[in-house]
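Chain by chain, the residues:
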Amino acid sequence: MADITYICKRTVVSTKPVQPGKHFSLSVLDRLMEQNHLRFVYYFRAPGAIREPGEMTKKLRESISEMLTCFPIVTGRLLRNPEGQWMIKCNDAGVRMVEARIKGSVENWLKGVDREKELKLVHWEEMYHKPYFWSTFYVQITEFEEGGVAIGLSCLHLLADPTCASMFVKAWADMTLTGKMLNNPPLSHQLPPRRPGRKNPSHDQPSMELINCYKSIADKTNLVSTDDAKHATIALAFSDPMVRACMANGQAMAASDQSSPSPFEALAALFWVCISKLKGAGDDLIDMSVCSDMRNVLNLDNGFFGNCMVYNRVNSKNLKGQKLSDVAKVIGEVMSEMDNDGIIDLIEWLEHNDHQSPPTMNGCDLICASLEAVDPYLAVFEEDLIPVRVSCYVEPVVGVGHVLVLPSPPGEGPFSRVVMVTLPEDEAVRLCEDDLILNFSPTILMGVNN
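Before going into details, it helps to say that this report is about the structure given with it.

Reading guide: rules and limits
- Residues numbered from 1 in each chain as written.
- Predicted model: local features only at pLDDT ≥ 70, side-chain atom pairs only at ≥ 80, totals over all residues.
- Heavy atoms only, no water.
- Helix = DSSP H or I, 4+ residues; strand = E, 2+ residues; numbered from the N terminus.
- Contact = heavy atoms within 4.5 Å.
- Areas by Shrake-Rupley, 256 points an atom, 1.4 Å probe, with all protein chains shown as cover.
- Lys, Arg positive; Asp, Glu negative; His and termini not counted.
- Charge placed at Lys NZ, Arg CZ, Asp CG, Glu CD.
- Buried < 20%, exposed > 50% of the residue type's maximum accessible area, 1.4 Å probe, protein only.
- Pairing = 2+ DSSP bridges.
- Arc of directions from axis to C-beta.
- Axes fitted to C-alpha atoms, helices over the stretch in contact; angles between N-to-C directions.
- Parallel < 35°, antiparallel > 145°, perpendicular 65-115°, else oblique.
- Nonpolar A, V, L, I, M, F, W, Y, C, P; charged D, E, K, R; others polar.
- Salt bridge = Lys/Arg side-chain N within 4 Å of Asp/Glu carboxyl O.
- Polar contact = N/O pair within 3.5 Å; in protein donor to acceptor, adjacent residues only side chain to side chain.
- Phe/Tyr/Trp six-rings, centres within 6.5 Å; stacked < 30°, edge-to-face > 60°.

Within the chain one finds 13 helices and 16 strands. Restricting to contacts in the chain with at least 6 residues of sequence separation, those with at least 24 account for 80%. Roughly 19200 Å² of accessible area belongs to the chain as shown, and the carbon and sulfur atoms make up 50% of that amount. One way to put it: in the chain the 43 positive side-chain charges average out to a point 4 Å from where the 57 negative ones average out.

Let us look at the pairing of strand β10 (residues 288-293). Each regular strand shows side chains that alternate between the opposite faces of the sheet. Counted residue by residue, β10 has six buried out of six residues, so it is predominantly covered. Going residue by residue along β10, you find M288, V290 and S292 tucked away on one face and S289, C291 and D293 tucked away on the opposite face as well. Judged from the five bridges that link them, β10 and strand β12 (residues 366-370) form a sheet pairing that is parallel. Considered in β12, the bridge of S292 is made with S370.

Residue pairs three or four apart in sequence face the same way in an α-helix, which turns once every 3.6 residues. Along helix α8 (residues 240-249), the residues classified as buried are D240, V243, C246 and M247. Projected down its long axis, α8 carries its buried residues within an arc of 120°, all on one side. Packing partners of the buried residues in α8 comprise β9 (231-238), α9 (263-278) and β15 (417-424).

What follows deals with the environment of H129. Among the secondary structure elements, H129 is positioned in the loop between α5 (115-118) and β7 (137-144). Relative accessible area serves as the criterion here: at 74%, H129 is assigned to the exposed category.

What the six strands build is an open sheet, ordered β1-β6-β7-β8-β3-β13; its pairing is mixed. Looking at the sheet topology across the chains shown, the edges are occupied by β1 (4-12) and β13 (387-395). The mean inter-strand angle of the sheet, taken between neighbouring strand axes irrespective of direction, is 15°. Across seven bridges, the pairing between β7 and strand β8 (residues 149-156) is antiparallel. Within β8, the position partnered with I141 by the bridge is I151. Contacts from helix α2 (residues 55-68) reach β1, β6 (95-102), β7 and β8, with the element oriented near 155° to β7. Each of β3 (37-44), β6, β7 and β8 is contacted by helix α6 (residues 162-178), which is oriented at about 40° to β3, the strand it contacts most.

Before going further, it helps to examine the environment of L187. The topology assignment puts L187 in the loop between α6 and α7 (208-220). On the basis of relative accessible area, L187 is assigned to the partly exposed category, the value being 34%. Excluding its chain neighbours within four sequence positions, the residues that come into contact with L187 are D301, G303, F304 and F305.

On to the packing of α7 against helix α11 (residues 340-352). Between α7 and α11, the shortest axis-to-axis distance is 8 Å and the interhelical angle comes to 40°. As the angle between them shows, α7 and α11 are arranged oblique. Counted together, L210, I211, Y214 and K215 of α7 and G342, I343, D345, L346, W349 and L350 of α11 form the full contact between these two elements. Of the residues that constitute the contact of α7 with α11, the class distribution is seven nonpolar, one polar and two charged.

The subject of this paragraph is the side chain of E143. Position of E143 among the secondary structure elements: in strand β7. In this structure, E143 is buried with no salt-bridge partner, the nearest side chain bearing the opposite charge being R101 at 4.3 Å. Of note is the side chain of E143, whose polar atom sits 2.9 Å from the backbone nitrogen of G54.

Turning to its location among the elements, D174 is positioned in helix α6. Discounting chain neighbours no more than four positions away, the residues touching D174 are G179, K180, L182 and N183.

A sheet is described by the order of its strands in space; here three strands give the open sequence β2-β5-β4, paired in antiparallel fashion. Across the chains shown, the open sheet's two edge strands, defined by having one partner strand only, are β2 (23-25) and β4 (77-80). Pairwise comparison of adjacent strand axes, ignoring direction, gives a mean angle of 35° for this sheet.

Before going further, it helps to examine the packing of aromatic side chains. Across all of its chains, the model carries 13 aromatic pairs by this definition. Ring centres of W124 and W134 lie 5.7 Å apart, and the angle between their planes is 85°; on these two criteria the pair is classed as edge-to-face. Placement of the pair is W124 in the loop between α5 and β7 and W134 in the loop between α5 and β7, with a sequence separation of 10 residues. The pair W124 / W134 is uniform in exposure class, with both members buried. Seen from their ring centres, W172 and F381 are 5.6 Å apart, and the 80° between their planes marks the pair as edge-to-face.

It is worth spelling out the pattern of salt bridges at this point. Considering all chains together, one arrives at 20 salt bridges under this definition. With its nearest N and O atoms 3.3 Å apart, the salt bridge here joins D3 to K103. Placement of D3 in the segment before β1 and of K103 in the loop between β6 and α4 (106-112) is noted, with a sequence separation of 100 residues between them. Relative accessible area serves as the criterion here: at 41%, D3 is assigned to the partly exposed category. A relative accessible area of 55% places K103 in the exposed class. The closest approach of N and O atoms between R45 and E107, which form a salt bridge, is 3.4 Å. Here R45, found in the loop between β3 and α2, pairs with E107, found in helix α4; they are 62 residues apart in sequence, far enough to count as distant.

This is the structure:
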């Protein structure tokens, strides 16, 4: 058991008050994620001499107060609007900060970390019966006595997606390093409406692929399993040459189609096939949905603060066998369907079919999410205090399981990736032993410690 000492929990507020009466509405994509929350853990090695206990925590506590001035949505609290939908009242109530210390060094910790240990580094509290007094964001600073620090961030998915979470930590890092925000303050606004005349002339009827996916998720919400099976999370690092080999393995060989899958499509195909096999699907594939950040597709500013992850179901009915090239091609086709018109159609449909009881978005299918647009390694708090590893969790874990594809630390090649997989514990153990995955020589960053 990790020997962690929790020192205190406090509320940190911004240094400048927000204007009275300010509030933020939430989009329909925000409201769909109410049942989920995010947890990130950033690890930093000790630069130079070991500091006095609490010295780094004090510095980070002071800089986050300065940074929070630009994030009123983070320091606000949840209220219902007259229509019964959640909104944020910007009242400077602050974020909760937990301060902790742990024996040993960050290097030794990383050698034996597992899901259970890692989640001790990122504080989270479920919503109170009085949400107005409940913080939607939590940070935890854990100093390692022999050098290094871990920063944990957790937040309600209703307010932010993984891109927002990494934006928040980078802004905190910039304030710590330079004393100012290096990027423009985040933009909290509604998703873009369809502009008159923008719709594709051949697009007279709404695109149904995404709509049907969300219909299916809503219909199956009552079927989501809430068993108490113990889950494990493994993290596998794939080098640039091995991801290229996986992409080549997933390349269509037909003369009419020499297209190569993207790193995400190739890795998604690999894990879909392997997880289907260990779940006893035989030559078939289990149901899977992909999820990806759509800011670029919707032409949103990089500073957009809100949910912009979109799901789509991958249809395996026409697949015969589990050939990686065929599976990757199907995933690529589904990703290409997630275009501007299709997403706008989905948003308009969701706005006309808004659910008072939001569905469980990560509940029924295997979820494979591309977090390649997230770049947590830009969070440099000091010149020599840069992230050496970052973990991400989408909680709670229900249903079949999650596969998250994240970027690797800089310097490891443009196609290198880290894949975090959360499954029932016995399945996670067997996945680490799968011959097809081992063909691509991943480094096990985090395994199952029994």
